[in-house]
Amino acid sequence: MPPPFPQHLLANHLVGFLGSALLLSSFAMLAQRRMTSLVRIFALQGILLTLSTLAVAILSSESHLLFSALFTLAFKVVLLPAILFRLLDKLHIQGEVESLVNVPSTMVLGLGIVVFSFTLAAPISELASTVSKGLIGVGLASLLLSFLMMITRRKALTQVLGFLGMENALFFSAINATYGMPMVVELGVAFDVLVGTFVFGIFFFQIRETFESLDLKHMDTTSME
Amino acid sequence: MDVSPLSLRSGFFLEGAQLLLAIIGAPLLAGWIGLCRALLSNRSPAGILQPWRDLLRLFRKETLLPEGTSFLFRAVPYLVFAALASSTLFIPFLGTDPPLAPVADAVVLVGLFSLARMMMAFGAMDAGTPFGDLGGRREMMVGFLAEPATLMILFTASLWSHSTSLPAIIHSLLDASDKFHPSLLFALLAFILVFLAENGRLPIDNPATHLELTMIHEAMILEYSGPLLAMMEWASQLKLILYLLIGADFFFPAGLPKVLSAGALAGGLLLLSLKLLVAGGTLAVIETLLAKLRIFRVPEFTALAYLLATMGFLIHFVLEV
Amino acid sequence: MTLLPDPLETSLLVLMFWGMMAVLGFFILRISRTFLSPLLFLLAAGGVTLASSGLSGLTSPADLHRVVPGGLPGLPFHFRQDPLSSFFLLLLGGAATGILIFSAGYLRSLPTLRIPSFFLRTALFLASMEGVLLADDAYLFMVFWETMALVSYALVVTESNREEVRNAGYLYLLMAHFGSLLILAAFFFLASREPPGLAPGLSAFTFEAMGKSNPTGGVALLIFVCALLGFGAKAGLIPLHVWLPEAHPVAPSPASALLSGIMLKTAVYGLLRVSFGLLGPGHLNYSWGVPVLLAGGFMALFGILHALLQSDPKKLLAYSSIENIGIIFLGIGLAILYIRSGHPVAGELALGASLYHAINHAFFKSLLFLGAGTMIHASGTNDLNTMGGLLRRMPFSGVLVLGGILCISGLPPGNGFVSEWLLLQASLQAGTLSGTLLRSAVLLGAALLVLASALAAMGFVKFYGIGYLGIPRSEGAQKAHEVSIPERIGMAWLMAGCLLLALLPVQMLKGIDIVLHSLTGTSLPTATLSSGWLWLLPLPPQGASYSPALLLGLLGLLLPLGGFLPRVFGRSSFRKTPVWGCGYEIRTPRMQDSSGSFGQPIRHFFANFFLMKRHLPDPSEKDPVFELTVEDPHWAFLYRPAFRLFQGLAALAERVRTGRISVYLVYSFGTLILLLTVFRWM
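Only a predicted model underlies this, so the values are computations on that prediction, with no experimental measurement involved.

Thoughts on the overall build of chain B
Next, step 1: Counting its secondary structure elements, chain B contains 11 helices and one strand.
Next, step 2: The globule rule puts the C-alpha radius of gyration for 321 residues at 20 Å, and the 19 Å found for chain B is close to it.
Next, step 3: Taking the principal axes of its C-alpha atoms as reference, chain B extends roughly 55 × 45 × 45 Å.
Next, step 4: By the burial criterion, 65% of the 321 residues in chain B qualify as buried.

Structure (structure tokens):
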């Protein structure tokens, strides 16, 4: 049982503030049309995550969270965006994200998801002693929003970004609900994500060689055959 | 009803000062934005007084009335100006409690802006040119998209005070200024989007364009000339400063004097001008960075504003209560 | 004991007066048409009397009732004028007066109209609407309700030589009966319980007995749904609205105004009577408010979106009526939600705003329908695309219509704004509700309300901009001239009503508060009612305030300031010049926006709300024509399949009919045997 969250108002508000900024960035990813901006928002999400991990680390004086924050900074702010930018560059991906559902509808859907997550998380938040009330709902909402982005966007790279966004949201929830997972798990997940991104990158080249496009609908046809 | 603790005389003074300052300051702010934009795009600026010079020049000209227009065409600039000028009395920006503020709450303000917009569209359509109709139609279109978002922003800002009365909102925000308000973060972003849309700035409308097919605001005032045109231009500058004043009230209320003394008033005014200068500069940066959106992308823009504001509202109950 | 009749007696006198005038006027007018204006003024006098009776019923809250012999054995006619009736009587009398005065001028300009029968129908229609508001038992209510439906059908098909008119009328009759059946069902469920302390039998059908019935939750829900759909069919509840935009525009304009401005409100009255009056707020569940609220919001959006695409000004107004009824329903839903979840003040406010909007709508919608009548009369067609430039030619009525438009668009300081503002203030109390879902529903409702009212502003810019501004698009519009004096007085009467409602909201709320108190037992906050006529304070002490009179005063003060500036700074001389128009030399009326092009962005953004069929011309076509038809999707997805289903069923039933007598005798024989069997063994 982790110690109860310090009731210091300002710090509490700070964590809440960062959480809602994270939610905001998920929304921004949903609304964004340009690929490069998407990656930038992802990097920003990494920064927010680092900050909130740091804040929780200081508040709860759990030293391992400091390392988590450092890892987050290294992986999610520096390394992954760098890889993604390189991918964009190599694959000559520019311009706009193509979506299956038009953007306003996606955003209305996104709002519905937020309402749903907040409703769903309300009883859980009552139980949680660690978290500033409501952050679970915020984490859940960000997670589902990233999922929504994976569903509604067409290009393979946006799917990866959605996946990474989901991972961010999960990480955020974990940090706030339980002061993070054991170090080994965190490290494992971080490397998994990294490897995953590499694998995706290689896949992209293969996919493009085969179909001359990164549009997912071509993969649909292969599965039919 | 006891409207205010102020005495009648000082209240009257405050309202008069608000009206005059906003009316005189609006062209100056437009000049400042133009100056920043010129510097950012590496042109030599015309100076902060340029809009005033333009207005005075227009006022000295003769009014040319297009044939076939009705009396409404002549009345519109005054109606628009009156609707916006009256708003200066209700928005607290010199002190927290202008005595006339209870006349109109935030929703009424939105209504007044909407009244001005509708009148402008009528003026545009009265001449019976394709451009006027185009401008009026597009203006109304941007309006119906931005209005629900504006309302949601007001709702979010009013959550702390449980009231849409502007002084009440400001007081509650000033009292709670030692806290972070995540909900206001959402509302602020939404406000910026709505602000750009409602005032015909990039990326919705280009205030500098006279390219026929892309303009909104300019198309509406195409047939106006002389003093009538001056009134229209002045009114739109007034609208810009009013929006910024509302924004300053909601999101950066610090430093707004609660009591009326010469010192507090001067300090508040100084701080306010600083806020407006920064806001104008930021606007110039935004406009320099962004390209104009296709007109059918505008709903996405305003839908985002609406959703952000609504999220702010919901976030308030999840994180702040 | 005073010599003056009490409000109920006055109202009953007006009822008899209108009924008698209908018949009398019919015969007089058959002899000579010259008496038309005096007769209509007499009817209007009845309207004023009725409005004053309603007003006195609202100022002194007396519950008056009379039993009049007649009706069924054991169920004589019961009449009652309680505050709710009084409120709607005020609405009916006030709006009808303006419409009747207008008719005195307008009907003369319709040479083909059969005046005597039109007069008969109008007077009977008014009387039956009044009867609906006064009836105090289910039988009498249904008698008046059906009379109202039939007479209004007759009004709709006044020009029955046109096929579209006959079709619209038939559709209306069909929907009206569908609604009546459901209303009857609601009454049946209300009365089927044994009334406590009353003799069983037909007396269970008095409203008094129904009010005491104590239905269980399920039955209460059934009653509520029946009432909602039954009265909704009359009010234009989606998807039962399809008759409304067909039927309202084809009637002559004063009749359209009566239908849209007043008759729709009788449906609102009926819903409130059954749900809050007979069923009682205690039997409502807060969760019923959510669907009503969202349905209202959707109606508002759907109605105004379709209004934006119409080029017939009366059709535009008819769709806008759906929007306004949606706003009223939204308020009712909000009220149920708030009152039953323990927030009576916000609930009362929402219900009060609904009532306020009902009376507002009666005035401005009647005004606009009359205005549309003058527009159609001036241009000779019912197409906005043949109008334009009417303001210069009809300045007086043009300004009145402009006023109506500012009011209906929900702009301050108009009266539409007051009710929408109150509704928003009530929605703002969403924070006091528990649960994200409920809060979000209320917020969504508020957003739909604002979206609809902003769209309404666009729709009425189209209505006015294309109809009254610009340059004339046809010969007829070119030659338009100002309307007659009675028409102007009638429209000015309605505008005056709008102004009073706009500037004296507290006085109106005092009356509405009495209605609310009689319906729910709770009142608006005392500070709201005692704050003086100048200040509207819906949620004291810290809530927002609004002062329409001061706002109007300030606008009036600042207007000359604007006019003064050019004189200070320089010249104020005017010169007429040709239009600039970016320097294009050619300028024809056809270069202005047509009604279709003004609505184009709406069609683009909200494509899902419409069923559009485009015909793009082939390059090889000799006479290339671009065609676009826009339809209400309910036709394609609900009504046509339903019609096909019924036709199929009818075709099946048709097989029974063989044409041979012996087969028919077999049917009779079989039925007889079946019935005997049933009676013996069941």
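Topic: the overall build of chain A
Next, step 1: In terms of regular secondary structure, chain A is built from eight helices and zero strands.
Next, step 2: When the helices and strands of chain A are listed from N to C terminus, the series reads α-α-α-α-α-α-α-α.
Next, step 3: When burial is assessed residue by residue, chain A has 44% of its 225 residues classed as buried.
Next, step 4: Pairs at least 24 apart in sequence give 74% of the contacts found in chain A among residues at least 6 apart.

With respect to the interface of chain C and chain B
Next, step 1: Listed as interface residues are 69 residues of chain C and, on the opposing side, 72 residues of chain B.
Next, step 2: Where the side of chain C that touches chain B is concerned, the elements lending two or more residues are helix H14 (390–393), helix H16 (415–427), helix H17 (436–467), helix H22 (548–569), strand E3 (574–577) and helix H23 (595–605) of chain C.
Next, step 3: Looking at the side of chain C that touches chain B element by element, the count peaks at 14 residues for H17(C).
Next, step 4: Split into classes, the residues belonging to the side of chain C that touches chain B amount to 39 nonpolar, 23 polar and seven charged.

Some remarks on the pairing of strand E2 (residues 75–81) of chain C
All names here are of chain C.
Next, step 1: Note that strand E1 (residues 64–72) and E2 share six bridges and pair antiparallel. Looking across to E2, one finds that Val68 is bridged to Phe77.
Next, step 2: Between E1 and E2, which pair antiparallel in sequence order, lie two residues; one of them, Gly74, sits at a positive phi of approximately 85°.

Focus on the packing of helix H1 (residues 8–40) of chain B against helix H3 (residues 71–90) of chain B
Residue and element names in this part refer to chain B.
Next, step 1: The geometry of H1 relative to H3 is characterised by a closest axis approach of 8 Å and an angle of 130° between their N-to-C directions. Between H1 and H3, the crossing angle belongs to the class labelled oblique. Classified by chirality, the crossing of H3 by H1 is right-handed. Contact residues: Glu15, Gln18, Leu19, Ala22 and Ile23 in H1; Ala85, Thr88 and Leu89 in H3.

Remarks on unusual backbone geometry
Residues and elements named next belong to chain C.
Next, step 1: Note that the residue after Ile238, namely Pro239, is joined by a cis bond; omega there is 10°.
Next, step 2: Tracing the sequence through the fold places Pro239 in the loop between helix H8 (217–235) and helix H9 (244–250).
Next, step 3: Here Pro412 and Pro413 are connected by a cis peptide whose omega angle stands at 0°.
Next, step 4: Tracing the backbone shows Pro413 in the loop between helix H15 (395–408) and H16.

Side note on the interface of chain A and chain B
Accessible area lost on assembly of the parts is the figure often given for the size of an interface.
Next, step 1: Across the contact, 20 residues belong to chain A and 16 residues belong to chain B.
Next, step 2: Only helix H1 (9–31), helix H4 (103–127) and helix H5 (135–152) of chain A provide two or more residues apiece to the side of chain A that touches chain B.
Next, step 3: Looking at which element gives the most residues to the side of chain A that touches chain B, the answer is H1(A), with nine residues.
Next, step 4: Residue classes in the side of chain A that touches chain B are distributed as 14 nonpolar, six polar and no charged.

A short note on the confidence of the model for chain A
In regions of low pLDDT, the predicted coordinates are not meant to be interpreted in detail.
All names here are of chain A.
Next, step 1: Confidence in the prediction of chain A, expressed as mean pLDDT, is 76, and 72% of residues score 70 or more.
Next, step 2: Helix H8 (residues 216–224) is the least confidently modelled element of chain A, averaging 54 in pLDDT, while helix H2 (residues 35–60) averages 86, the highest of any element.
Next, step 3: Confidence drops under pLDDT 50 across residues 1–6; counting only partners more than four residues distant or on other chains, this segment forms 10 contacts.

Some remarks on the nonpolar core
Next, step 1: Of all hydrophobic cores here, the largest spans 417 residues; its most connected members are Val80(B), Ala190(B) and Ala309(B).
Next, step 2: When neighbours within four sequence positions are excluded, Val80(B) is seen to be in contact with Ala116(B), Met119(B), Met120(B), Met232(B) and Ala235(B).

With respect to the packing of helix H4 (residues 115–134) of chain C against helix H10 (residues 253–278) of chain C
All names here are of chain C.
Next, step 1: In contact at an axis separation of 10 Å, H4 and H10 are set at 15° when each is read in the N-to-C sense. Put simply, H4 runs roughly parallel to H10. For the pair H4 and H10, the crossing hand works out as left-handed. Two secondary-structure elements touch here, H4 through Thr122, Phe125, Met129, Val132 and Leu133 and H10 through Ala255, Leu258, Ile262, Met263, Thr266 and Tyr269.
Next, step 2: The residue makeup of the contact of H4 with H10, split by class, is nine nonpolar, two polar and no charged.

So, how was this worked out
- Residues numbered from 1 in each chain as written.
- Chains lettered and ligands numbered in written order.
- Predicted model: local features only at pLDDT ≥ 70, side-chain atom pairs only at ≥ 80, totals over all residues.
- Helix = DSSP H or I, 4+ residues; strand = E, 2+ residues; numbered from the N terminus.
- Rg over C-alpha atoms; globule rule 2.2 N^0.38 Å.
- Buried ≥ 20, exposed ≤ 12 C-beta atoms within 10 Å, placed from the backbone.
- Contact = placed C-beta atoms within 7 Å.
- Nonpolar A, V, L, I, M, F, W, Y, C, P; charged D, E, K, R; others polar.
- Pairing = 2+ DSSP bridges.
- Axes fitted to C-alpha atoms, helices over the stretch in contact; angles between N-to-C directions.
- Parallel < 35°, antiparallel > 145°, perpendicular 65-115°, else oblique.
- Left-handed = near helix turned anticlockwise from the far one by under 90°.
- pLDDT = per-residue confidence, 0-100.
- Core = buried A, V, L, I, M, F, W, Y, C linked by C-beta atoms within 7 Å.

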